[in-house]
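# Remarks on the overall topology
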Amino acid sequence: MHSESARFDQQGFNTNPILTSALNPCDSFLGGGNTGRSNAADWIRTAYHDMATHNSTDGTGGLDASIRFGVEQARPEDVGDGFNNTMEFVTLSLVPDYLPYLSMADSLALLAVLAIENCGGPEIAFRGGRIDAGVPNAPGVPQPQDDLDSHIASFARQGFTQTEMIGLVACGHTFGGVQHSFFPDIVNVLNDPNDTGDVAHFDTTFVTFDNNIATEYISGTTQNPLVVGFNDTTNSDKRIFGSDGNTTMQSFANSPAIFASTCADLFARMLDTVPTGVQLTDVISPIPLWNVTDPSPTITMLLEDHTGGTGNITLEFVGNSSSTGGKYSAAWYTFNATDRLNNLYLDAAAGVKSLSFVIDGKLENQNGLGFPIQDAFLFSKTSCQVGFLSGRIDVAVRNGVNPTRVFLQEITTDSVERTVVTEVDISPPSVPVAANSAYSLWSTMMN
Ligand code: HEM
């Protein structure tokens, strides 16, 4: 559920306000406007640089958040502050919101997806499961002064053909540009009050995804600093785009649809390039439970309890969220709008076994199966005693369940910021401690 939420709750109710405003509008950049920069461009470039260390022969490197290491950011191939900016969004906004489910590497991939999809680009097939590197990767990100042969070899090492290299560079460089401060040999000071970061952009629509990177290149009007830059040694886009006689760029210029579908495929492959041994999930898709056209249908929730009884509650609509430029949307409901915490209070002995829903008058119960729900183990909030740096944690275990083991998960980070989950076993109580007629408490002291 968490991965679906991180992937699909992009705009609107219950979404992360920092991430939403970072792309709204798409020329937003950290604290300031008119810098010529954008968070969207930073996020996409960061994902590429993190991936570009991949070696498809020995399986090392790839999208594994190794770009967070100072050692990588200090390399000439990773010049700029965009990587650090992007990691701040990862570590402050994404990872903590979805603990312990999203790695930093998955978060980096997600930021690129959010940027592409919310700024005019195609839907990107997103998989989860990336693992964070413990040490920096070997260098290997291509640089503008490298020659064409070395670029072809570098992309081959990363797992992309020459045609795919042309595509991936064009897809990436539909966003952003080159900054004077980090590349003074490529870009001069611009003296433009609307571009205080002195960024020479790759195309005229540098905060949105479109095929202008190709149409402007083919028509000869491009101002791309890596095509018509004053220093021909660093005109890497010119060498790359022209390396097949412009066939690929011409096809992109002819058809925005071909450009978009090629980029959807190449971006997804870029994000799925991971070190050998990392097993990615299937593509995460919204679960099409109900085909509802009403954006806020009336929903009644039916509860089946352990005694064969049923209850019903009319849920209260609280808002909509959406993603992928409005392609997918979700409606949010609360159990109990009159309670400050939106809690639903159930009879402990009756409990709850499964849920069904009546949506705009139609029963949805998975052909009679219902949606099973577990109430065998509950965090006993009202009896826990939490003090300063110590306390007693109680877990209420439903009588008759007889578990072989009850444990808590403790979430910490290791010395290189990776999330670590440790299991802390709770010993069975020597004498049963009744919480009420249906539950007993298992307790552990924390200090
Ligand atoms: C031979 C390959 C490539 C070279 C030599 C190259 C070079 C560069 C350079 C010099 C910059 C300017 C960075 C700055 O001023 O901060 C840049 C920006 C950028 N690159 Fe590339 N790049 C390559 C491939 C790619 C690929 C494959 C992607 C993504 C798929 C990508 C995405 C970006 C983006 C989004 C920016 C804009 C960053 C911003 O405006 O903050 N690049 N690239």
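These numbers come from a predicted model, not from an experiment. (Residues numbered from 1 in each chain as written. Predicted model: local features only at pLDDT ≥ 70, side-chain atom pairs only at ≥ 80, totals over all residues. Heavy atoms only, no water.)

### Examining the overall build of the protein chain
Stated formally: Numbering of helices and strands runs from the N terminus, with a helix taken as a DSSP run of H or I at least four residues long and a strand as a DSSP run of E at least two residues long. Partly exposed residues are those whose accessible area sits between 20% and 50% of the maximum for their type, while under 20% is buried and over 50% is exposed, using a 1.4 Å probe and protein chains only. In this description, contact between two residues means that some pair of their heavy atoms is separated by no more than 4.5 Å. Using a 1.4 Å probe, the Shrake-Rupley method yields the accessible areas, and only the shown protein chains count as cover for residues. Just so you know, the count uses Lys and Arg for positive and Asp and Glu for negative, and it drops His and the chain ends. To locate a charge, take NZ of a lysine, CZ of an arginine, CG of an aspartate or CD of a glutamate.
Along its length, the protein chain carries 12 helices and 16 strands. Projecting the C-alpha coordinates of the protein chain onto the three principal axes gives extents of approximately 80 × 50 × 45 Å. The 447 residues of the protein chain split such that 47% are buried. A sequence separation of at least 24 residues applies to 63% of the contacts in the protein chain between residues at least 6 apart. As displayed, the protein chain offers around 21,600 Å² of accessible surface, 54% of which is attributable to carbon and sulfur atoms. Of the side chains in the protein chain, 20 bear a positive and 49 a negative charge, and the two mean positions are spaced by 6 Å.

### Quick word on the coordination of the iron atom of the ligand
Here is the rule we go by: Each metal's donors are the N, O and S atoms within 2.8 Å of it, or within 3.2 Å when it is Na, K or Ca, and because water is not part of the set, sites may look incomplete.
In this structure the iron atom of the ligand is ligated by exactly one protein donor, His173 (NE2), at 2.2 Å. Among the structural elements, His173 can be located in the loop between helix H8 (162-172) and strand E2 (177-179).

### Thoughts on the domain arrangement of the protein chain
In plain terms, the rule: Domain delimitation in this document rests on an assignment produced automatically or drawn from a domain database. Reported buried area values correspond to the accessible surface (1.4 Å probe) lost by two parts on association, with both partners' losses combined. Any N or O atom pair separated by 3.5 Å or less is treated as a polar contact, with the protein-specific requirement of one donor-capable and one acceptor-capable atom, and with residues adjacent in sequence counted only for side-chain atom pairs. By the convention adopted, Pro, Cys, Tyr, Trp, Phe, Met, Ile, Leu, Val and Ala count as nonpolar, Lys, Arg, Asp and Glu as charged, and the other residues, Gly among them, as polar.
Taken domain by domain, the protein chain holds domain 1 (2-271), domain 2 (299-372) and domain 3 (377-446). Here the C-alpha centroids of domain 1 and domain 3 sit 44 Å apart. Across the boundary between the two partners, domain 1 contributes 10 residues, which contact 6 residues of domain 3. Of the roughly 640 Å² buried at the junction of domain 1 and domain 3 (both faces included), carbon and sulfur atoms supply 64%. Across the domain 1-domain 3 interface, the total number found is 1 residue pair in polar contact (both at pLDDT 80 or more). Its residues placed into classes, the side of domain 1 that touches domain 3 shows 6 nonpolar, 2 polar and 2 charged.

### Overview of the site of the ligand
Keep this limit in mind: Working definition: residue near molecule or strand if any one of its non-hydrogen atoms lies within 4 Å of it.
Within the structure, the ligand sits among 25 residues, and Asp42, His173, Gly176, Gly177 and Gln179 are positioned closest to it. Within the contact set of the ligand, an oxygen atom lies 3.3 Å away from a side-chain nitrogen or oxygen of Arg45. Elements with a minimum of two residues in the shell around the ligand: helix H3 (39-51), helix H7 (148-158), H8, E2, helix H10 (236-241) and helix H12 (256-271). When residues in the shell around the ligand are grouped by element, the largest group, 4 residues, is from H3. Classifying every residue of the shell around the ligand gives 15 nonpolar, 8 polar and 2 charged.

### Concerning the nonpolar core
How we decide: In these notes, a set of buried Ala, Val, Leu, Ile, Met, Phe, Trp, Tyr and Cys residues joined through side-chain atoms within 4.5 Å is what counts as a nonpolar core.
With 76 residues, the main nonpolar core has Trp43, Phe241, Phe267, Met270 and Leu271 as its most contacted residues. Considering every element that reaches this core, the biggest residue donor is helix H6 (residues 104-118), with 11 residues. Contacts of Trp43, omitting those with residues within four sequence positions, involve Leu19, Ala22, Leu23, Thr86, Phe89, Leu111, Ala112, Leu114 and Ala115. Grouped together as the second largest cluster of nonpolar side chains are 11 residues, Leu303, Val352, Phe357 and Ile359 included.

### Quick look at the packing of aromatic side chains
The cut-off we apply is this: Pairing of aromatic rings covers Phe, Tyr and the six-membered ring of Trp, with a centre-to-centre limit of 6.5 Å; geometry is then stacked below 30 degrees between planes, edge-to-face above 60, and tilted otherwise. Definition used: whenever NZ (Lys) or CZ (Arg) falls within 6 Å of the ring centre and also within 35 degrees of the ring normal, the charge is taken to sit over that ring.
Taken as a whole and judged by the stated rule, the model has 9 aromatic pairs. Look at Phe252 and Phe259: their rings are 5.0 Å apart centre to centre, the planes differ by 65°, and that puts the pair in the edge-to-face class. Assigned by exposure class, Phe252 and Phe259 land together as buried. Where Phe317 meets Tyr333, the ring centres are 5.7 Å apart and the plane angle is 70°; that geometry is what we call edge-to-face. Of this pair, Phe317 sits in strand E6 (residues 316-323) while Tyr333 sits in strand E7 (residues 328-334), and the two are 16 residues apart along the sequence. The exposure class of Phe317 is partly exposed, given its relative accessible area of 32%. The ring of Phe407 carries the charged tip of Arg405 above its face, separated from the ring centre by 4.1 Å.

### Considerations on the environment of Ile218
Within the element layout of this structure, Ile218 appears in helix H9 (residues 212-219). Look at Ile218 and you get partly exposed, because its relative accessible area is 29%. Along the chain, Ile218 and Gly242 lie 24 residues apart, while their C-alpha atoms are 9.9 Å from each other. Beyond its immediate chain neighbours, meaning those up to four positions away, Ile218 contacts Asn246, Met249, Gln250 and Ala253.

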